[in-house]
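# Examining the three-dimensional arrangement
The residues making up each chain are set out below.
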Amino acid sequence: MKRYIFVTGGVCSSLGKGITATSIGNLLENHGLGIRMIKIDPYLNVDAGTMSPYQHGEVYVTDDGTETDLDLGNYARFTKSELSKLNSITTGQIYQKVIKMEREGQFLGRTVQVIPHITDEIKSRIFQASDGEDVDVAIIEVGGTVGDIESIPFLEAARQFIHDLGKENVLFVHLTLIPEVAGGELKTKPTQHSVNKLREIGIQPDILVCRSPEFLEKEMVSKISLFTNVEENSIISAYDVKTSVYEVPLIFHDQNLDSIVLDKLKLKSKGIDLKEWQSIVDILKNPGNSVNIAIVGKYINLNDTYKSIYESIYHGGIANRTKINLVKIDAEELEKDIDLSKIFSNINGILIPGGFGQRGINGMVEAVHFARLNNIPCFGICLGMQVMVIEYTRNVLKLKTADSTEFTPETPYPVISLLEEQQGLRTMGGTMRLGKSISFLQKGTLIQKIYGSDKIGERHRHRYEVSNSYIEELEKSGLIFSGFTKDNNLVESVEWNNHPWSIGVQFHPEFLSTPVNPHPLFTSFIKASTEHLYE
Ligand code: GLN
């Protein structure tokens with residue numbers, strides 16, 4: 001019998017439910033169990049593809065091209081859970097399916113209701129996502145905060161798991177906040193209230209994970225236990241970690257969270273092995289040297305928008321035993337009349353991330369131009385690669401008004417544009433290249449050496465492409481087209497000749513990097529950055 005762990009959150013959002021869920025997954029995997037991570041998002045959107053980065057942070061893309069919540073990125077970095085469209089469930093998908101079934105007459109004239117029709121569909125989606133002989137435990141993170149109207153059907157479905165499968169196969173982990181008030185006192189009242197909210201809908205949490213500034217004293221734990229009926233040993237302090245979120249599985253293990261979970265679910269460990277993870281945290285705590293990496297983007301004030309890119313840079317740091325200082329630069333600032341050599345005076349490497357829309361593009365072009373002329377390692381990802389091509393066309397081919405038709409539809413030099421067959425489709429959606437596809441790398445190029453292979457599989461999420469009609473001229477003037485798709489020869493990567501380290505990729509390597517297996521492009525980029533000495 002498979003086991004199901006539901007992770008809910010109380011008091012407020014952004015407490016780290018994703019990290020809690022995936023850290024439990026990490027520990028169970030390190031005990032030799034097969035796990036599957038599932039995210040429930042109670043919003044009505046069918047997927048995260050259309051959501052603004054301002055509201056929802058990064059859109060994480062899976063191999064099969066599903067545009068999902070960024071928590072799936074956390075799952076990918078902490079665990080080996082398979083991730084596909086099955087692992088991301090939204091209210092929009094559930095209702096869409098049930099309404100479609102109703103229209104097809106599948107309910108035989110019965111009244112279609114939240115209980116049982118919506119809850120049955122939720123349960124069936126969870127079973128589908130956790131199917132597979134290799135899966136011992138499914139960990140289901142319920143997005144939102146207990147008490148939200150939207151999450152009620154999901155919590156009701158979760159409650160029914162106990163009814164359907166028996167208490168011994170289902171576990172509820174509730175993440176809550178123990179805030180500090182004036183005078184430094186820690187308060188348990190919000191936790192009591194949020195546990196009460198859960199109980200109102202028939203769920204008694206088995207484990208409480210308490211976010212607090214520091215480790216909770218015994219007295220505090222006893223008080224929380226008394227009010228919530230959760231055993232004292234099952235009240236875990238998720239205190240603020242000093243170095244990295246990658247410490248969280250270890251601080252949970254120190255408090256026996258993994259043994260408690262195994263015990264409650266009557267699961268047997270195949271022997272715990274945390275050596276690999278421990279060594280990652282050791283490197284993060286005791287790095288050798290350090291580098292300053294500039295990210296020149298447009299959503300710089302929001303931490304979550306470039307989440308996988310930031311994490312991948314840290315992974316590159318782990319691989320090189322190097323501390324990363326991220327220097328976030330708002331691309332629009334570079335469009336003003338400022339001295340770039342001051343801005344980049346202590347920068348070892350420049351990364352231009354993906355993005356959509358015109359804002360900040362010319363600032364990114366400035367940054368790329370500066371990196372090219374000053375031999376600073378430069379890594380362009382998706383939009384970043386397109387900017388590298390635009391910059392080269394403007395400054396080397398001297399076609400000063402060259403642009404992407406995404407930003408200037410009437411540009412006389414559309415060096416980045418939609419493919420002809422996409423043009424009529426533009427307003428109809430469905431024109432995005434999404435998910436994993438194969439690229440072929442040219443022998444002797446930097447990127448081919450880094451991968452050590454001519455054929456790679458990477459994930460895409462973009463609409464525009466390098467216009468093939470410019471390739472010949474750009475190549476003659478020194479831009480190296482280092483990777484292509486097979487069939488239609490779309491450009492997949494570029495690099496500059498006579499430059500220490502420059503790579504632009506049309507795909508998103510950041511979705512494949514993990515602390516255990518840092519992506520080779522990020523490892524190489526950070527290595528090159530450690531070798532770049534600024535004046
Ligand atoms: N806006 C560009 C495109 O659609 C780049 C997308 C991205 O960076 N993900 O092609």
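In this report, the structure presented in the accompanying data block is examined. This one's a predicted model, so the numbers in the text were calculated from it and none came from an experiment.

## Some points on the packing of helix α14 (residues 361-373) against helix α15 (residues 383-395)
- Interaxial distance between α14 and α15 falls to 9 Å at its minimum, and their mutual angle equals 70°. Taken together, the axes of α14 and α15 are roughly perpendicular relative to one another. Along the contact surface, α14 presents I361, N362, M364, V365, V368, H369 and R372, while α15 presents L383, V387, M388, I390, E391, Y392, R394 and N395.

## Considerations on the nonpolar core
- Residues I5, L28, I139, I207 and F252 are the most contacted members of the largest nonpolar core, which totals 45 residues.
- With five residues, the top contributor of residues to this core is helix α1 (residues 17-30).
- Excluding residues within four positions of it along the chain, L28 makes contact with I5, L33, I35, V137, I139, V261 and L262.
- Residues V296, I416, L479 and W496 belong to the second largest nonpolar core, which totals 44 residues.

## What about the site of the ligand?
- By nearness alone, every residue bordering the ligand is listed as G354, G355, F356, C382, L383, Q386, E406, R461, H462, R463, Y464 and H508.
- Here Q386 contributes a side-chain N or O atom positioned 3.1 Å from an oxygen atom of the ligand.
- Within the contact set of the ligand, an oxygen atom lies 3.0 Å away from a backbone nitrogen or oxygen of R463.
- When the ligand sits alone it has 290 Å² of accessible area, and the protein chains cover 99% of it.
- Those elements that provide at least two residues to the shell around the ligand are α15 and β19 (455-462).
- Of the residues that constitute the shell around the ligand, the class distribution is four nonpolar, five polar and three charged.

## Some thoughts on the pairing of strand β23 (residues 502-505)
- Burial of β23 is two-sided: the residues S502 and G504 facing one way and the residues I503 and V505 facing the other way are all buried.
- Two strands pair when backbone bridges link them, and strand β15 (residues 378-381) and β23 are joined in this way by four bridges, in the parallel orientation. Paired with C378 across the strands is S502, a residue of β23.
- The antiparallel pairing of strand β22 (residues 491-496) with β23 creates a hairpin that spans five residues between the two strands, and N498 there sits at a positive phi of about 55°.

## Here's the deal with the packing of aromatic side chains
- This model, assessed by the stated rule, comprises 17 aromatic pairs.
- Measuring from centroid to centroid gives 5.2 Å for F127 and F161, while their planes differ by 40°, and the two rings are tilted. Here F127, found in helix α5 (residues 114-129), pairs with F161, found in helix α6 (residues 152-165); they are 34 residues apart in sequence, far enough to count as distant.
- Of the residues examined, F161 reaches a relative accessible area of 0% and is grouped as buried.

## Digging into α5
- The end-to-end C-alpha distance of α5 is 21 Å, a good match for the 22 Å that 16 residues give at a rise of 1.5 Å each.
- Packed against the buried residues of α5 are β1 (3-9), β2 (35-41), β5 (88-90), α4 (91-103), β6 (137-142) and α6.

## A word on the pattern of salt bridges
- Evaluated as defined, the whole model comprises 31 salt bridges.
- The partner of E141 in a salt bridge is K39, and the shortest N-O contact between them spans 4.0 Å. Residue E141 is located in strand β6, and its partner K39 is located in strand β2; the two are separated by 102 residues in the primary sequence. With respect to burial, E141 and K39 carry one shared label: buried.
- Between D120 and K123 there is a salt bridge, and its shortest N-O distance comes to 3.8 Å.

## Things to note about the environment of D164
- Its location among the elements puts D164 in helix α6.
- Overall, the relative accessible area of 38% leaves D164 in the partly exposed class.
- For D164 and E247, which are 83 residues apart along the polypeptide, the C-alpha to C-alpha distance reads 36 Å.
- For D164, the side chain forms a polar contact with the side chain of H163, separated by 2.9 Å.

## What about the side chain of H117?
- Among the structural elements, H117 can be located in helix α5.
- A distance of 2.9 Å separates a polar side-chain atom of H117 from the backbone nitrogen of Q113.
- Among residues more than four places away in sequence, those in contact with H117 are V98, F107, R110, T111 and V112.

## Section: the side chain of E67
- Structurally, E67 is set in strand β4 (residues 67-68).
- The class of E67 is buried, set by a relative accessible area of 11%.
- For E67, the side chain forms a polar contact with the side chain of R461, separated by 2.6 Å.

## A short note on the sheet that holds strand β11 (residues 235-239)
- With parallel pairing, the seven strands of this open sheet are ordered in space as β5-β2-β6-β1-β7-β10-β11. Both outer strands of the open sheet, β5 and β11, are each paired with one neighbouring strand and no more. With strand direction ignored, the average angle separating the axes of adjacent strands in the sheet is 20°.
- In this sheet, strand β10 (residues 207-212) lies alongside strand β7 (residues 170-177) in parallel orientation, the contact comprising five bridges. When the sheet's bridge partners are listed, L175 is paired in β10 with V209.
- Running over the sheet, α4 touches β2 and β5 and is turned about 70° from β5.
- Helix-sheet contacts for α5 involve β1, β2, β5 and β6, and the interaxial angle to β2 is about 150°.

## Describing unusual backbone geometry
- Residue P116 follows I115 across a cis peptide bond; omega there is 15°.
- Phi at K398 takes a positive value of approximately 60°, unusual for a residue other than glycine.
- Although it is not a glycine, N498 adopts a positive phi angle of roughly 55°.
- Among the structural elements, N498 can be located in the loop between β22 and β23.
- Classification of N498 by relative accessible area gives exposed; the value is 75%.

What counts, and at which threshold
- Residues numbered from 1 in each chain as written.
- Predicted model: local features only at pLDDT ≥ 70, side-chain atom pairs only at ≥ 80, totals over all residues.
- Heavy atoms only, no water.
- Axes fitted to C-alpha atoms, helices over the stretch in contact; angles between N-to-C directions.
- Helix = DSSP H or I, 4+ residues; strand = E, 2+ residues; numbered from the N terminus.
- Parallel < 35°, antiparallel > 145°, perpendicular 65-115°, else oblique.
- Contact = heavy atoms within 4.5 Å.
- Core = buried A, V, L, I, M, F, W, Y, C linked by side-chain atoms within 4.5 Å.
- Buried < 20%, exposed > 50% of the residue type's maximum accessible area, 1.4 Å probe, protein only.
- Near = heavy atom within 4 Å.
- Polar contact = N/O pair within 3.5 Å; in protein donor to acceptor, adjacent residues only side chain to side chain.
- Areas by Shrake-Rupley, 256 points an atom, 1.4 Å probe, with all protein chains shown as cover.
- Nonpolar A, V, L, I, M, F, W, Y, C, P; charged D, E, K, R; others polar.
- Pairing = 2+ DSSP bridges.
- Phe/Tyr/Trp six-rings, centres within 6.5 Å; stacked < 30°, edge-to-face > 60°.
- Expected span 1.5 Å × (residues − 1).
- Salt bridge = Lys/Arg side-chain N within 4 Å of Asp/Glu carboxyl O.

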